[in-house]
Amino acid sequence: MAYPIHRPRRLRRTAALRDMVRETTLAPSDFIYPLFVVEGRDVRRPIASMPGVFNLSLEHTVAEARRAHALGVKAVILFGIPDHKDAQGSQAYATEGIVQRAVRELKNALPDLLVIVDVCLCEYTDHGHCGLIDGGHVANDSTLPLLARMAVTCAQAGADIIAPSDMMDGRVAAIRSALDEVRLTDVPVMSYAAKYASAFYGPFREAAQSTPQFGDRRGYQMDPGNVREALKEVDLDLEEGADMLIVKPALSYLDIIRLVRDRVDVPVVAYNVSGEYAMVKAAAQNGWVDGDRMTLEILTSMKRAGSDLIITYHALEAAKLLGA
Ligand code: PBG
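Here is what the cut-offs are and how they apply
- Residues numbered from 1 in each chain as written.
- Predicted model: local features only at pLDDT ≥ 70, side-chain atom pairs only at ≥ 80, totals over all residues.
- Helix = DSSP H or I, 4+ residues; strand = E, 2+ residues; numbered from the N terminus.
- Buried ≥ 20, exposed ≤ 12 C-beta atoms within 10 Å, placed from the backbone.
- Axes fitted to C-alpha atoms, helices over the stretch in contact; angles between N-to-C directions.
- Parallel < 35°, antiparallel > 145°, perpendicular 65-115°, else oblique.
- Left-handed = near helix turned anticlockwise from the far one by under 90°.
- Contact = placed C-beta atoms within 7 Å.
- Nonpolar A, V, L, I, M, F, W, Y, C, P; charged D, E, K, R; others polar.
- UniProt positions renumbered as here; feature names shortened; annotations may be inferred.
- Near = placed C-beta within 6 Å.
- Core = buried A, V, L, I, M, F, W, Y, C linked by C-beta atoms within 7 Å.
- Expected span 1.5 Å × (residues − 1).
- Pairing = 2+ DSSP bridges.

A.B. asks: Would you explain unusual backbone geometry in this entry?
C.D. replies: Peptide bonds are mostly trans, and most non-glycine residues show a negative phi. Of the consecutive residues Lys 248 and Pro 249, the connecting peptide bond is found in the cis state with omega at -10 degrees. Phi at Arg 183 is positive, roughly 65 degrees, even though this residue is not glycine. Mapped onto the fold, Arg 183 is located in the loop between helix H5 (171-181) and strand S9 (190-195). Residue classification places Arg 183 among the exposed positions, given that 8 C-beta atoms sit within 10 Å. Unusually for a residue other than glycine, Gln 209 sits at a positive phi of about 45 degrees.

Here it is in structure tokens:
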């Protein structure tokens, strides 16, 4: 009788052995929790396509952030949804805008929680595009000063990190120099460097009421077929002064996460986007999959691909699962 010499199963036999040799682990501090802040009082409006996610008024935003923080989540990323939207997205850079107020309230209530702001115009414009419209197109250069103003007003309100998601060319440099100009030299920029034009953002647009009123975002977000273009965007953002880089979406772009991780020496962040979240929730609600296990497996795959951090709507429930 010949016995196999190599038996990988030896190290899989018990939970203790498996724990000992696990290469990739998750911790609550890996997660960044997105919050959708709306105006008004006592608003906690469910997002139909994202079970467990809500539009929250300020006091509920603070309460939700407090729950996450207590479970070991160290950072939130804010999306502001103003009552008043206009062509210039003026509430994006108003000192008393909803997102600036949310930053102040959060830093006041939870000084140790890191508050990141998603800088983009699409939640603030009536047309739903990420920049100004000129002749039916999204104008690049005239949008840059507005993004820079949004970054400055948010940083002045106390934001710890600025995360531009608009995909205008040159926006990292514009934001960096505007921050430096007002002596906010220590506020880091976490740029959405490789951001694809994706069907996986559908539920987010329900949450942020930011569906474009005409056309789509393919003129500024990247084509899903491209890899070299992602690397070019990454190089440009680093040259322009980005401190951390985001790859988005994550689940269908694990190859991009790995390539970026191997190319750069700054923290890489995966954005586990709304459509990825919605798919898991929908299948789990039907009883077709084990939602908890699937959630942790998906998050593990993003870390295994090379991300240091994950922006995820699962942050709070995953932190609970890890603590259990
Ligand atoms: C703003 C922004 C979007 C997302 C993050 N920032 C929407 C978009 O680009 O259309 C999507 C996040 C998600 O789907 O979870 N530009």
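A.B. asks: Hey, could you run me through the packing of helix H7 (residues 228-239) against helix H8 (residues 254-263) in this one?
C.D. replies: In a packed pair of helices, the relevant descriptors are the angle between the two axes and the axis-to-axis distance. Orientation of H7 relative to H8, taken along the N-to-C sense of each, is 40 degrees, at an axis distance of 11 Å. Classified by the angle between their axes, H7 and H8 sit oblique to one another. At the point where H7 passes H8, the crossing takes the right-handed sense. Here Ala 230, Leu 231 and Val 234 of H7 lie close against H8, whose contacting residues are Ile 256, Leu 259, Val 260 and Arg 263. Among the residues forming the contact of H7 with H8, the class breakdown is six nonpolar, no polar and one charged.

A.B. asks: Quick question: what am I supposed to make of the UniProt feature "active site" (unreviewed entry) in the chain here?
C.D. replies: UniProt records the feature "active site" (unreviewed entry) at Lys 195 and Lys 248, using the numbering of this structure. For the annotated residues, spread through 54 residues, the largest C-alpha to C-alpha distance comes to 4.9 Å, consistent with a single compact locus. If you trace the backbone, Lys 195 turns up in strand S9. Those residues in contact with Lys 195 that sit more than four places away from it in its chain are Ser 165, Met 167, Gln 221, Met 222 and Lys 248. Relative to the helices and strands, Lys 248 resides in strand S10 (residues 244-248).

A.B. asks: Teacher, can you tell me more about the UniProt feature "binding site: Mg(2+)" (unreviewed entry) in the chain here?
C.D. replies: The UniProt entry lists Glu 233 under the feature "binding site: Mg(2+)" (unreviewed entry), expressed in the numbering used here. If you trace the backbone, Glu 233 turns up in helix H7. We classify Glu 233 as buried; it has 22 C-beta atoms within 10 Å. Those residues in contact with Glu 233 that lie beyond four places of it in its chain are Ala 193 and Ala 194.

A.B. asks: Got a minute to help me understand the site of the ligand in this structure?
C.D. replies: Residues in contact with the ligand, as listed here, are Asp 118, Cys 120, Cys 122, Cys 130, Ser 165, Tyr 201, Phe 204, Arg 205, Arg 217, Val 273 and Ser 274. Grouping the constituent residues of the shell around the ligand by class yields six nonpolar, two polar and three charged.

A.B. asks: What is the right way to look at the nonpolar core in this model?
C.D. replies: Nonpolar side chains tend toward joint burial in soluble globular proteins. Core analysis: the biggest nonpolar cluster contains 105 residues, and Val 37, Leu 78 and Ala 151 have the highest contact counts within it. The biggest single contributor to this core is helix H4 (residues 144-157), with 10 residues. Not counting residues within four places of it along the chain, the set of residues in contact with Leu 78 comprises Leu 35, Val 37, Val 99, Ala 102, Val 103, Val 115, Ile 116, Val 117 and Asp 118.

A.B. asks: Where do I start with H4 in this structure?
C.D. replies: Because each turn of an α-helix spans 3.6 residues, side chains separated by three or four positions end up pointing in the same direction. Taking 1.5 Å as the rise per residue, H4 with 14 residues should run 20 Å; its terminal C-alpha atoms sit 20 Å apart, in good agreement. Of all 14 residues in H4, 11 are buried; the element is thus mostly enclosed. Within H4 the residues assigned to the buried category are Leu 144, Leu 146, Leu 147, Ala 148, Met 150, Ala 151, Val 152, Thr 153, Cys 154, Ala 155 and Ala 157. Where H4 is buried, its residues touch helix H3 (98-109), strand S5 (114-119), strand S8 (161-164) and H5. Just downstream of H4, Gly 158 is the residue with a positive phi angle, here 120 degrees.

A.B. asks: How should I be thinking about H5 in this particular structure?
C.D. replies: Taken together, the buried positions of H5 are occupied by Arg 171, Val 172, Ala 174, Ile 175, Arg 176, Ala 178 and Leu 179. Taken from the residues just after H5, Arg 183 is the one with a positive phi, measuring 65 degrees.

A.B. asks: For this particular structure, what's the right way to read the pairing of strand S4 (residues 75-81)?
C.D. replies: It is a general feature of regular strands that their side chains alternate between the two faces of the sheet. The element S4 is largely enclosed, with a buried count of seven among its seven residues. Relative to S4, strand S1 (residues 31-38) runs parallel, the two being bridged by seven bridges. The residue of S4 that forms the bridge with Tyr 33 is Val 76. As paired elements, S4 and S5 share four bridges and run parallel to each other.

A.B. asks: Help me understand the packing of H3 against H4 in this model?
C.D. replies: The contact between H3 and H4 brings their axes to 8 Å, and the two run at 25 degrees. The angle between the axes of H3 and H4 places the two elements in the roughly parallel class. Note that H3 runs across H4; the crossing there is right-handed. Packed against H3, whose contacting residues are Val 99, Gln 100, Val 103 and Arg 104, the element H4 presents Thr 153, Cys 154 and Ala 157 at the interface. Taken together, the residues of the contact of H3 with H4 break down into four nonpolar, two polar and one charged.

A.B. asks: What is the right way to read the environment of Ser 49 from this model?
C.D. replies: Locating Ser 49 in the fold gives a position in the loop between strand S2 (44-46) and strand S3 (54-56). Taking the C-alpha atoms as reference points, Ser 49 and Gly 287, 238 residues apart in sequence, are found 17 Å from one another. With sequence-adjacent residues up to four places away left out, Ser 49 is seen in contact with Gly 202, Pro 203, Glu 206 and Ala 278.

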